[in-house]
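What the coordinates show
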Amino acid sequence: MVTVYDVAQACGLSIASVSRALNGQPGVSQRTAERICLIADQLGYQRNEVARSLVAKSTQTIALFVPDITNPFFPELVKGVQSVADERDLLLLLLDAPRSAVALSARLAALRRKQVDGILLVASDIDADTEELVAGTPAVLLDRGRSGRHASVGVDQEAAGFAATRHLIDAGHTRIGHIAGPQGLAVSELRRAGWERALREAGLPVGDHLVAVGDFEEEGGHRAGAELLQREPGITAVFAANDLSAIGFLACCSVRGIPVPEQMSVIGLDGIGLSRYTTPMLTTIAQPIRELGVAAGRLLLRQLDGDGQALDVVLPTTLVEGASVSRRGGA
Ligand code: RIB
């Protein structure tokens, strides 16, 4: 086993100096400490990770907050971030991002005490306290949050909602409902705004009576869909704010004997793998999920390398035509 003595011998320095360097204690210049640590690593000396991080002023650890690991959208996002973390041999901590800004702030404060090198945050909404807590640590807002102070990566959520609804309009539908995302989330409001803009620009009916609020999950899609069908039996198409909600609505139509797409057209948003295996296959506006994770990871690495520009990276979505949309009335 390689000892401190062996390292001192190899460096031509005293054991005291080598020990101070390896344990991140003062009394050795940064340059000398880094040289000692490099030689120790080359010899295969097993160093104390906490001490190592004190010397390198880096814990080689980044943290990713996601709001719901049960939603298949997020594991795909994590894979993208992980692929970039692997390039730098960074440890990726995956944490739950609570809806409440207070709970999130508490978690961020606890994380900062761990001195992670950088944070990626899919936060439902970024309030001033959250901003403050993230300030001073390299950070990238991912998917849901945007703020002038931090770099961000996502898609144009309003345009995605517009594209989904426009696809239904182009198929001849004129009474189009919307299963919205959870209330209070910017991402939900933006997708609904896209639905509204598409209908207004086409001179078609629009309003709260055509909207039911889901929760980005299958159960919420099923429940909101049932509410919508009850309230507005004349609708012939629905834009659901995410794929899981659309999948829940497909089940809602199935139990009511409403054939999709013959009698009801359905379009989702996300492009999760599951959406390719529904019956009928879900038509959706696909986000480049893994690429979002990769882009966010790369932006964070740029910040770790000293480039702190608060860039907003917007990636394109694509229409994936399944079999859940047909021309109005199946014509
Ligand atoms: O499906 C979960 C939703 O939350 C996705 O649409 C993604 O954009 C995230 O915000």
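Residues numbered from 1 in each chain as written. Predicted model: local features only at pLDDT ≥ 70, side-chain atom pairs only at ≥ 80, totals over all residues. Heavy atoms only, no water.

Here's the deal with the site of the ligand
Every residue lining the ligand is accounted for by Asn71, Phe73, Phe74, Asp143, Arg144, Arg191, Phe216, Asn242, Asp270 and Gln287. One of the side-chain nitrogen or oxygen atoms of Asp143 is found 2.5 Å away from an oxygen atom of the ligand. One nitrogen or oxygen atom from the side chain of Gln287 is found 3.0 Å from an oxygen atom belonging to the ligand. Within the complex, the protein chains bury 100% of what would otherwise be the 280 Å² of accessible surface of the ligand. Here the shell around the ligand spans two domains, since at least three of its residues come from each of domain 2 (61-154 + 289-314) and domain 3 (157-287). (Near = heavy atom within 4 Å. Polar contact = N/O pair within 3.5 Å; in protein donor to acceptor, adjacent residues only side chain to side chain. Areas by Shrake-Rupley, 256 points an atom, 1.4 Å probe, with all protein chains shown as cover. Domains from an automatic or database assignment.)

Details of the packing of aromatic side chains
Using the criterion set out here, one finds one aromatic pair in the structure. Both rings, one in Phe73 and one in Phe74, keep their centres 5.1 Å apart while their planes meet at 80°; by these two values the pair is edge-to-face. Lying across the ring of Phe162, Arg197 places its NZ or CZ 4.0 Å from the centre. (Phe/Tyr/Trp six-rings, centres within 6.5 Å; stacked < 30°, edge-to-face > 60°. Lys NZ or Arg CZ within 6 Å of the ring centre and 35° of its normal.)

As for the sheet that holds strand 11 (residues 312-315)
Sheet architecture is open: six strands sit in the order 2-1-3-4-5-11, paired in parallel fashion. The sheet terminates laterally at strand 2 (91-96) and strand 11, the two strands that pair on one side only. Pairwise comparison of adjacent strand axes, ignoring direction, gives a mean angle of 15° for this sheet. The pairing of strand 3 (residues 118-121) with strand 4 (residues 139-142) spans three bridges and is parallel. Of the residues in strand 4, the one forming a bridge with Ile119 is Ala139. Packed onto the sheet, helix 12 (residues 289-304) meets strand 1 (61-66), strand 3, strand 4, strand 5 (151-155) and strand 11 and runs at close to 170° relative to strand 5. (Pairing = 2+ DSSP bridges. Helix = DSSP H or I, 4+ residues; strand = E, 2+ residues; numbered from the N terminus. Axes fitted to C-alpha atoms, helices over the stretch in contact; angles between N-to-C directions. Contact = heavy atoms within 4.5 Å.)

Some thoughts on the environment of Gly177
Residue placement: Gly177 occurs in strand 6 (residues 176-180). Given a relative accessible area of 0%, Gly177 falls into the buried group. Expressed as a C-alpha distance, the spacing of Gly177 and Gly207, which sit 30 residues apart in the sequence, is 9.3 Å. Each residue touching Gly177, except ones within four places of it in the same chain, is listed here: Trp195, Leu210, Leu228, Ile235, Ala237, Val238 and Phe239. (Buried < 20%, exposed > 50% of the residue type's maximum accessible area, 1.4 Å probe, protein only.)

With respect to the packing of helix 2 (residues 15-22) against helix 3 (residues 30-43)
Following both chains from N to C, one finds helix 2 and helix 3 inclined at 90°, their axes separated by 9 Å at the closest point. On the basis of the axis angle, helix 2 is roughly perpendicular to helix 3. Residues Ser17, Val18, Ala21 and Leu22 of helix 2 form the contact with helix 3, whose own contacting residues are Ala33, Ile36, Cys37 and Ala40. (Parallel < 35°, antiparallel > 145°, perpendicular 65-115°, else oblique.)

Details of the layout of surface pockets
When its volume is computed, the second largest pocket comes out at roughly 150 Å³. Lining the second largest pocket are 13 residues, with Pro67, Asp68, Arg144, Pro182 and Asp215 positioned closest to its centre. When residues are assigned to domains, the lining of the second largest pocket turns out to be shared by domain 2 (61-154 + 289-314) and domain 3 (157-287), each giving three or more. (1 Å grid on protein atoms, 1.4 Å probe; cavity = no way out; pocket = protein on both sides within 12 Å on 5 of 7 lines; lining within 4 Å. Points joined across faces, edges and corners; volume = space filled by probe spheres on them.)

Here we look at helix 9 (residues 186-201)
The end-to-end C-alpha separation of helix 9 is 22 Å, in line with the 22 Å expected for 16 residues at 1.5 Å each. Within helix 9, burial applies to Val187, Ser188, Arg191, Arg192, Gly194, Trp195, Ala198 and Leu199. The arc enclosing the buried residues of helix 9, seen along the axis, measures out at 150°, which places them on a common side. The exposed residues of helix 9 that point more than 90 degrees off its buried face are Arg200 and Glu201. Where helix 9 is buried, its residues meet helix 8 (157-170), strand 6, strand 7 (211-213), strand 8 (237-240) and strand 9 (265-270). Immediately downstream of helix 9, the backbone of Gly203 shows phi near 70°, a positive value. (Expected span 1.5 Å × (residues − 1). Arc of directions from axis to C-beta.)

Description of the sheet that holds strand 7
If you walk across this open sheet you meet the six strands as 7-6-8-9-10-12, and the pairing is mixed. At either margin of the open sheet sits one strand with a lone partner, and together these are strand 7 and strand 12 (318-320). In this sheet, adjacent strand axes meet at a mean angle of 20° when their direction is disregarded. Bridge analysis of strand 9 against strand 10 (residues 283-286) gives four bridges, and the strand direction is parallel. In the strand pairing of strand 10, Gly268 is matched with Thr284.

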